[in-house]
Amino acid sequence: MPPPPPRRALLAPLLRLRAFSSSSSSLAHHPPLPPPPRRHQFVAADAITGQGGGGNPLDPAQLLRDDPVAITASLWVSSFRAQPTAAAPPPPSLSPFLSRLELWVLAYQKAYADETGSYLPRSSIPASTLSSLLALRNAVLDARFRFGNRLTPFLRSPRAAAAAQDPATLSKRKLRALLTTPGPAPFQDRVVQELLLLLLEPVYEARFSPKSFAFRPGRSPHAAIRTIRRSFAPYLWYIKGDLSPLLHSPDPALVVGALIRDVRDKKVVDLVRSALLTPPVTARPGDEDAAKKKKKRKYQKKKVLPEGEPKPDPYWLQTFFGFAPEEALTQPDWGHCGVLSPLLANVCLDELDKWMEEKINELYRPSKSDVVGGEDGVEQGNTSWPEFVPTSGPDKTRKVDYIRFGGHFLIGVRGPRADAAVLRKQLVEFCDQRFRIKLDNESLPIEHITKGIMFLDHVLCRRVVYPTLRYTATGGKIISEKGVGTLLSVTASLKQCIKQFRKLEFLKGDREPDPQPCFRMFHATQAHTNAQMNKLLLTMAEWYRYADNRKKVVNFCSYIIRGSLAKLYAAKYKLRSRAKVYKIASRNLSRPLKDKKGQSPEYHNLLRMGLVDSIDGLQYTRMSMVPDPDYTPLPSGWRPDHEKILLEYIKLTDQQTLDEQRSCIREEGLITPQDYISMLVWSYKKNAVLLPSFKENDHKGSTEDLGSDTDELGDEEIGNLDHVDSPKVLFPTETSLCSCSCKSQKEKAEKQKKRVGYNFTRRCGD
């Protein structure tokens, strides 16, 4: 009879329950312990995590069984595996994923990184935080969670948890200020937003149109510019539109209606509806004036960032944000949706993408005499130079293309202007009926390519070129002749660049650009100032990477920044002019500048002792230093890297693909490595011999060595052995286990046993 379990083991579940109740009540301060969720939730959680029976549903450690990244990856794979067609089944329910505590922990880690600027490993999350996450999960599943709740949160911010006060102990004035003062969203709201983004993004990324390039992973503005360079070469007329009002003030009914079409999960839809309908706290008009008066105090203490608070963006990054194009300035932020807002904006605008795809197929009229499009819609132009369009006869292919970046879209029309006018009229009606946005002819102008079309701060224009075409005649003679065609030119807008520099107070004057001293960097050292501006120049050079005039624009930016810093150093070190600064610090401002009053050792001695930082010269002071534009053509059917990997993985795991590969291998007379190993094992267990080498001489010798053993086998078995030995392995092997030059079968078996026989039979379980 086994001894009875100790008393401590019997009381372990009660002790864990007591510890959970005490930790959750001490963390929440004000609210009592929330009521336990319904039994069906525990059953669903146990079924998902694979645990059952003896597990304690109140213990978070028992619910963290799987890797959250693997769970999210499985959702991505399942979403991309199901083809989004009219007959395709709806996506699976997302409610089981809401019960996974592993995903809540992953959402907490992402929100924690945004809050503090540092990543928190899963092993470093305290038990009290896991208990709070479990309470937040149960509140969401029981529909007890409310966005914007500042009085009784289930989960507190990691920065405010230590200094949090019980709302019951606050005065009425502080309580009113807490409820009426606008501020950042509660931390638990951001955790729920991150979780919804983890669940909804893979579902919609598999359904979104490839024509949209904003608020999506892997589809940057550079990808949009390269797509325009490749696909928009043959178009004459362009329609440029703006649907930014939809991003500023959305209709909740429109967003929820677009969401229900693909996600038929009541809990997820109710969470999004609650985030849209809950009004955020906004400041009153009088509060803004009072805040301005407070800022006008004469003496202010220097702000000291508390421990753990992320530092603000550096000056070079703030400056680069000022260069953001018009299409990228609007970032949707709807109610309490937070990071979920850009995805919901794409969900709404995806209807326009699908409508335009139908119009592209409807308005396509191919011409056999045109190289742009044949009967099958396949481009016959030069794939290495896709932006070059040769001239053709009057009978040209009529086609339409479309691209969208955020709320801005661009439509190219090849054909008469009347086709563009008809398409614009249909577009106005669609936006009015579907999005309730009033557009007119002025907001949707039709412009010819010769005027230059501005999109993403790049100008699209057309140039006539006369390249020399070389081809081989029937007799093998190379013939050269002059060709005539048009070339799509994508250039950076220098006027827009000057406008942004004036906005950032780097330039003054209206006619000729004259640099202005950058006094925001007055108290920084020369090494720090040069390093900050070099980061800005490198970022600008990368932004204009695919512009034809990359050298000119980046060199102009370098001239403006270098002149601004030279004036700053002249005022700081009292050198009166830029010429004296260049004389001392050289053209790229890499030599140290020092004040006349200060008597200090030489710069090189201080640098050798490690007492000062090395001063890097400014980049791109000459046009020859600027890298050349990148003219690498975008491949046909381009997709982001993560989508390529997903589709390749799905293709390799498809049973039909595997069957096709196996049939092809059999036709070629090959075998897979797995089949080869299984044949080795089966032959050794059956006949106590290894398969001979696949070389022809070894094959003959092995058939001779079988001798009398083959006489004991049947005719069918001998035929099977001959069939096994004949095919070649799909991959080359460096060491062959089958090579043996023994004369008799017994000597061969003994020799093999001495080499690998004992280990081989032990691994096989023989």
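Thresholds applied
- Residues numbered from 1 in each chain as written.
- Predicted model: local features only at pLDDT ≥ 70, side-chain atom pairs only at ≥ 80, totals over all residues.
- Heavy atoms only, no water.
- Helix = DSSP H or I, 4+ residues; strand = E, 2+ residues; numbered from the N terminus.
- Contact = heavy atoms within 4.5 Å.
- Pairing = 2+ DSSP bridges.
- Axes fitted to C-alpha atoms, helices over the stretch in contact; angles between N-to-C directions.
- Core = buried A, V, L, I, M, F, W, Y, C linked by side-chain atoms within 4.5 Å.
- Buried < 20%, exposed > 50% of the residue type's maximum accessible area, 1.4 Å probe, protein only.
- Domains from an automatic or database assignment.
- Phe/Tyr/Trp six-rings, centres within 6.5 Å; stacked < 30°, edge-to-face > 60°.
- Lys NZ or Arg CZ within 6 Å of the ring centre and 35° of its normal.

Undergrad: Can you walk me through the environment of Thr621 in this structure?
TA: Relative to the helices and strands, Thr621 is located in the loop between α24 (603-609) and α25 (641-653). For Thr621, the residues in contact, after removing those within four places along its chain, are Asn555, Ser558, Arg562, Arg587 and Asn588.

Undergrad: Hey, could you run me through the sheet that holds strand β1 (residues 237-242) in this one?
TA: The strands making up a sheet associate through hydrogen bonds between their backbones, and the pairing can be parallel or antiparallel. Taken in spatial order, the four strands line up as β3-β4-β1-β5 in an open sheet, and their pairing is antiparallel. The open sheet is flanked by β3 (399-405) and β5 (446-448), the only strands paired with a single partner. The average undirected angle you get between the axes of adjacent strands in this sheet is 25 degrees. Sheet topology note: the β1/strand β4 (residues 408-414) ladder contains six bridges and is antiparallel. Counterpart to Asp242 in the pairing with β4 is His408. With respect to the sheet, helix α18 (residues 341-362) is in contact with β3 and β4, its orientation differing from that of β3 by roughly 170 degrees.

Undergrad: Explanation requested: the nonpolar core in the structure shown.
TA: Nonpolar side chains in soluble globular proteins generally cluster together in the buried interior. In terms of nonpolar packing, the biggest core is built from 88 residues, with Val191, Leu200, Leu352, Ile411 and Phe435 touching the most fellow members. Considering every element that reaches this core, the biggest residue donor is helix α10 (residues 187-205), with eleven residues. Counting residues domain by domain, this core receives three or more from each of domain 1 (61-162 + 171-193) and domain 2 (210-280 + 312-372 + 384-492). The next biggest cluster of nonpolar side chains, apart from the first, holds 41 residues, and it includes Leu317, Leu565, Leu568 and Tyr569.

Undergrad: Quick question: what am I supposed to make of unusual backbone geometry here?
TA: With the exception of glycine, most residues fall at negative phi, and the peptide bonds are largely trans. Here the phi dihedral of Phe215 falls at roughly 60 degrees; this positive angle occurs in a residue that is not glycine. Examined against the element boundaries, Phe215 turns out to sit in the loop between α10 and α11 (221-231). Given the relative accessible area of 27%, Phe215 is considered partly exposed. Despite not being glycine, Arg576 shows a phi value in the positive range, around 75 degrees. Following the sequence through the fold, Arg576 ends up in the loop between α22 (550-572) and α23 (578-585).

Undergrad: Looking at this structure, I do not really get the packing of aromatic side chains. What am I missing?
TA: Going through the model one piece at a time under the given rule, you end up with 17 aromatic pairs. Consider the rings of Tyr108 and Tyr112, whose centres lie 6.0 Å apart with planes at 40 degrees: the pair is tilted. Placement of both Tyr108 and Tyr112 in helix α7 (residues 101-116) is noted, with a separation of four residues, approximately one turn of the helix. As far as burial versus exposure is concerned, Tyr108 and Tyr112 are alike and both buried. With 4.9 Å between their ring centres and 75 degrees between their planes, Phe145 and Phe147 make a pair best called edge-to-face. Taking relative accessible area as the criterion, Phe145 reaches 5% and is therefore assigned buried. Linked through ring pairs, Phe323, Phe501, Phe506 and Phe556 together constitute an aromatic cluster. Lying over the aromatic face of Phe213, Arg219 brings its terminal NZ or CZ to 5.5 Å of the ring centre. Over the face of the ring belonging to Trp237 we find Arg417, whose NZ or CZ atom lies 6.0 Å from the ring centre.

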